[in-house]
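For reference, the chains in residue letters:
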Amino acid sequence: MKKLIFLIYFLPFFAHAQNSIERVEPPFWWTGMSNPVLELMAYGKNISHLIPHIKYEGVSIEKTVSMENDNYLFISLKIEKNTVPGEINIEFKNTENKTIYSHNYPILKRKKEAASIQGYDNSDVMCLITPDRFANGDPNNDNIEGMPDKLSRSDKWGRHGGDIQGIIDHLDYFSEMGFTAIWLNPILENKQPKWSYHGYATTDYYKVDPRFGTNEDYLRLVEKGKEKGIKIVMDMIMNHCGSGHWWMEDLPSKDWINNTDNFFQTSHRRTTLRDPYSSKFDTEHFASGWFVKDMPDLNQRNPQMATYLIQNTIWWIEYLGLAGIRMDTYPYSDKNFMSDWTCAVMNEYPDFNICGEEWSLSPIILAYWQNGKVNPDGYTSCLPGLLDFPIQSAFVDALMAEDKWNDGMLKLYEMLSFDFIYADPSKHVIFPDNHDMSRILTQLNEDVDFLKMAIVYFSTMRGTPQFYYGTEILMSNKGDDSHGNIRSDFPGGWAGDTTNAFTGAGLTEKQKEVQSFFKKILNWRKKSPAVHQGKLMHFAPQQNVYTYFRYNDQQKIMVILNKTAKEREIELIQFAELLDRGTTGKDIITGEEFILNNKLTIGAKQALILEIQ
């Protein structure tokens, strides 16, 4: 009798538990989106055998897709434009029409300004930061129960405790320095056993890593940034996730990731995607190989995976009000998917901006991916711009060349001349360094004068400039080019730091000088329309002195770079197209005025920005 009572009362509970839904992603959505179709991923024990039902005006189920794994069900909803926000009750019923599980799914009211989000543009200057290494604003989240990679500030590969609150606490510093945008290395959950600080091994696409803060903290950062005139750019990864991702223990299908049972590392041969003579073997070993064993390679050819990633991107843009995305390892994902992804994002947010990482030193390779490029194979995308690695490399090569024939600066001049290959070179993000390479001071052999030249060049050249945190205070990685050292702590970001770059305490005089130089240029740039939207004309270098102009109807800027260790006198007649004889040029750093008649003297290893009066 007791067994019978047990069965009567507890079998329904077991039936419910067996079919309970552990996750529904995205966790919520909005009314009034340009694309009315939303595909939910529901995860729970044997959920694929259930039939979802909805009774909500303006919302209908278009189709469901079951996977190889019975624990997943994908549900496509159509949300009519004028649907009233609220909670949609989704009933999951068995074949006998019995409700096994009921889930309330929130549909939110879309903000009026959401569709017209303004992305970063050429009037902006980005600061790239590695959040774990910038500032620790909340020591309470340094270690989180259940997160295996614990705080170890003495370990260059470990977590150091920087977080979202640390960024919020120092927004005034960014603003005062002249930055108008912050690009954060990824801060979504990385539940990895080690080396999780960098953020590139996502284990939950809808959750900020608790050691950085919460989703609400991320939103607060964006909102506080807007108050101070600072845009937020999110670092995203479509190519791979982390081995600790929750779905890796129970994949939806064998083709959810590439080479599930036959791991091999990517060859990194990105040229195979365009090489007319490339073998299928080489192409496959680039596109489907994993970065490393703890970063499984996602298969965007799977339609549910593709939709999942596109919707995740749109979810974060809509939720946070982002101003841009930097897409990691852009060519490593399926190229047709990347076309769909860029177009889906830009169709939803026409004024948004995206830059893709294509680490190639050839403009021909970068140009292939850009919106508006006419390619021989017919490939198109909606990607606005890319990270300009060719210009970065050419700049360093130009300054570091031995110059037996005084041709060092020609490397930079000639690289810029290849801009004809791009659909729009002004859409690129230009930079002297980033989190994956030695700091620019180290690349320039610790030469502070050359560092200043880099600040001048990348602040005045076409495109949107990005500087890595700490460039302004001479951070370097001399003698250790490991990523853990390159991404070292910003002084002053931790309680007890003896040097504080935010206040200037403990900085050397040279550090203070460069910080002031940097600050002056970036704040001048904020009010320089010729640099933002102006035309560009450059002149062939003479004796390693390179000169170019930025100009429009409102303003004319003359930039002169002398890489030599000698003072140089330059003839001004060569610039007659843009420079009237007797014109005055004002040095934007010192305020000194030059009468530009026949000749101009520029100091050894000096960079000048002259505003033509």
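Okay, so let's go over this structure.

Rules used throughout
Residues numbered from 1 in each chain as written. Predicted model: local features only at pLDDT ≥ 70, side-chain atom pairs only at ≥ 80, totals over all residues. Heavy atoms only, no water. Core = buried A, V, L, I, M, F, W, Y, C linked by side-chain atoms within 4.5 Å. Buried < 20%, exposed > 50% of the residue type's maximum accessible area, 1.4 Å probe, protein only. Helix = DSSP H or I, 4+ residues; strand = E, 2+ residues; numbered from the N terminus. Contact = heavy atoms within 4.5 Å. Pairing = 2+ DSSP bridges. Axes fitted to C-alpha atoms, helices over the stretch in contact; angles between N-to-C directions. 1 Å grid on protein atoms, 1.4 Å probe; cavity = no way out; pocket = protein on both sides within 12 Å on 5 of 7 lines; lining within 4 Å. Points joined across faces, edges and corners; volume = space filled by probe spheres on them. Nonpolar A, V, L, I, M, F, W, Y, C, P; charged D, E, K, R; others polar.

1. Focus: the nonpolar core
Among the nonpolar cores identified, the biggest contains 168 residues, and Y218, W247, W316 and W341 are the most heavily contacted of them. The element best represented in this core is helix α6 (residues 303-320), accounting for eleven residues. Apart from the residues within four sequence positions on either side, Y218 is in contact with I164, L184, I187, V208, I232, M234, W316 and L320. F539, V545, M558 and F575 belong to the second largest nonpolar core, which has 18 residues in total.

2. Here's the deal with the sheet that holds strand β23 (residues 583-587)
Reading across from one edge, β19-β20-β21-β26-β23-β24 is the order of the six strands in this open sheet, with antiparallel pairing throughout. Each end of this open sheet is capped by a strand with a single partner; those strands are β19 (535-542) and β24 (593-596). The average undirected angle you get between the axes of adjacent strands in this sheet is 25°. One ladder, built from six bridges, connects β19 with strand β20 (residues 545-551); its direction is antiparallel. The partner of K535 across the bridge, within β20, is Y551. Packed on one face of the sheet, helix α10 (residues 408-417) meets β19, β20 and β21 (556-562) and runs near 145° to β19.

3. Let's talk about empty space enclosed by the protein
In the structure shown here, the tally under the stated rule is four cavities of 30 Å³ or more. Considered as a void within the structure, the largest cavity measures approximately 80 Å³ in volume. Lining the largest cavity, in full, are P186, L188, T202, Y205, M234, D235, M236, I237, M238, N312 and W316. Elements supplying a minimum of two residues to the lining of the largest cavity: β13 (231-236) and α6. Top contributing element to the lining of the largest cavity by residue count: β13, with three residues. In terms of residue class, the lining of the largest cavity is made up of eight nonpolar, two polar and one charged. Within this model, the second largest cavity holds a volume of roughly 40 Å³. At the level of elements, β19 and β20 are the ones that each hand at least two residues to the lining of the second largest cavity. Of all the elements, β19 adds the most residues to the lining of the second largest cavity, at three residues. For the lining of the second largest cavity, the class distribution of residues is five nonpolar, three polar and no charged.

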